[in-house]
Every structure is written in C-alpha cells, then in structure tokens.
Amino acid sequence: DAGKIIPRRLLAFLLAAFMIFALAACEPSGVSHYDVSTGWFDGVSSARVFYPTNINELNEVGATTLSSGMGGTKEGMYWLAEPLAQSDMVVVAVSASDNMTVGGYERSHKGGLDILESENTDSRSPIYGKLGNRGIIGYSKSGGAVINVASELGDEVTTCVALAPWNPRPRSSHKAATMILTGTLDAIAPAYMGS
C-alpha cells in the first residue's frame, strides 16, 4: 500500500504542476509601464506609457493617448490604461498642464501623440519601432478635446473615443473612426453634447 500512495502523491503533484503551468500559459500577456520625462512636450505635465509585456512579439501595435476630465490626472485613468495595454495596445496616459479647459486637454493630447512618436523612434525605448495607427481617448473636457484634435489632425489620428464629451467642436475635416459614449442623466456633460 505504501508503494501505491507515493506514486499517487507524485501523480497529484505532477498534475497540479501541469495545471499551474497550463493556466499561466493561457493568461493574457502582462502589462509593463514607464514614466516619460515631459519637459519637451507641450501641454503635458506628466505621462506614463503602458504597453504589453510581450511587445517584442508584436508589430504595428495600435497606440493611443488617454486622459481624464476637468481637474483630473493620468493616475485617474490607469483603470482603463492597463486593460487596453493587456489587449496588445500601447497607451500613454497624460496629465494636462492645464486640466481645467478643453484647450488645455487639446494641447495635452497633441503632446501625448508627440510622446508616442518620440518613443517609437527612440532606440532606447521598449516600444521602439513597434507602433502602428494612433488614436486618442478622453473623458469629459478631455472627451471634447479628442473630438477637436481628431478634427484638426485629420488622417494623423485613426480612432477617437470620447467619453461623456464636454462641448466638442467637430469640423468637416474629422475623419477618425469615432465612438462617443454619453449618459442621458449626465447634468455636467449632457448627452446632447455628444450628438
């Protein structure tokens, strides 16, 4: 009987080890991040780049800027930056130097796009040479800003996501694939602002 117990325990141990290995192999890729020195980028007071840990295995990775609403900082958008990076995107979360106006957020998104370009051309960067299409995502006043920036930049921005956009001014030059999410009970950025 003792001879049968040991192999069963060994079998159970091996089976458990295999299951742990199999589950780890099936999990989505991890997320890495680093902070960017923002002294050279207009409108950005601080920035953090999130990217999939397996970026070396990827090519033409979609990239986006991301920022919060009035008075917010990049830290308030990490909840969205991390799952986007886990979905094989590069995200630069930015804090606007002027986080009280739509114009301040417009400058921060342009600065964020400049950060993405700079990192994509810097051989010391972990995202060097990896980026494909660029997008912009913003909430509230930043949501209004992303619509304005996409309109201004035309083909330079391929996607635009405006979350409860506040007072956007789209132009006929707006070509980016755009998703606008509004809330019917939002008293600050009413749904009609997204129409």
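The sections below set out a description of the structure shown in this document. Fair warning: this is a prediction, and the values are worked out from it, not measured in the lab.

Okay, the side chain of D122 next. Secondary-structure assignment places D122 in the loop between α3 (102-120) and β5 (131-139). Overall, the relative accessible area of 19% leaves D122 in the buried class. A distance of 2.9 Å separates a polar atom in the side chain of D122 from the backbone nitrogen of R124.

Right, let's talk about helix α4 (residues 141-153) for a bit. When the terminal C-alpha atoms of α4 are compared, their 18 Å separation across 13 residues agrees well with the 18 Å that a helix rising 1.5 Å per residue should span. Buried residues dominate α4, accounting for 12 of its 13 residues. Residues of α4 that are buried: K141, S142, G143, G144, A145, V146, I147, N148, V149, A150, S151 and L153. Tucked into the core, α4 has its buried residues touching β3 (61-67), α3, β5, β6 (159-163) and β7 (177-181). In the stretch just after α4, G154 is the one whose phi turns positive, near 60°.

Although it is not a glycine, S140 sits at a positive phi angle of roughly 60°. Position of S140 among the secondary structure elements: in the loop between β5 and α4. Residues other than glycine seldom take positive phi values, yet N167 does so here, at roughly 55°. By secondary structure assignment, the location of N167 is in the loop between β6 and β7. Overall, the relative accessible area of 39% leaves N167 in the partly exposed class.

Here is what the cut-offs are and how they apply
- Residues numbered from 1 in each chain as written.
- Predicted model: local features only at pLDDT ≥ 70, side-chain atom pairs only at ≥ 80, totals over all residues.
- Heavy atoms only, no water.
- Helix = DSSP H or I, 4+ residues; strand = E, 2+ residues; numbered from the N terminus.
- Buried < 20%, exposed > 50% of the residue type's maximum accessible area, 1.4 Å probe, protein only.
- Polar contact = N/O pair within 3.5 Å; in protein donor to acceptor, adjacent residues only side chain to side chain.
- Expected span 1.5 Å × (residues − 1).
- Contact = heavy atoms within 4.5 Å.

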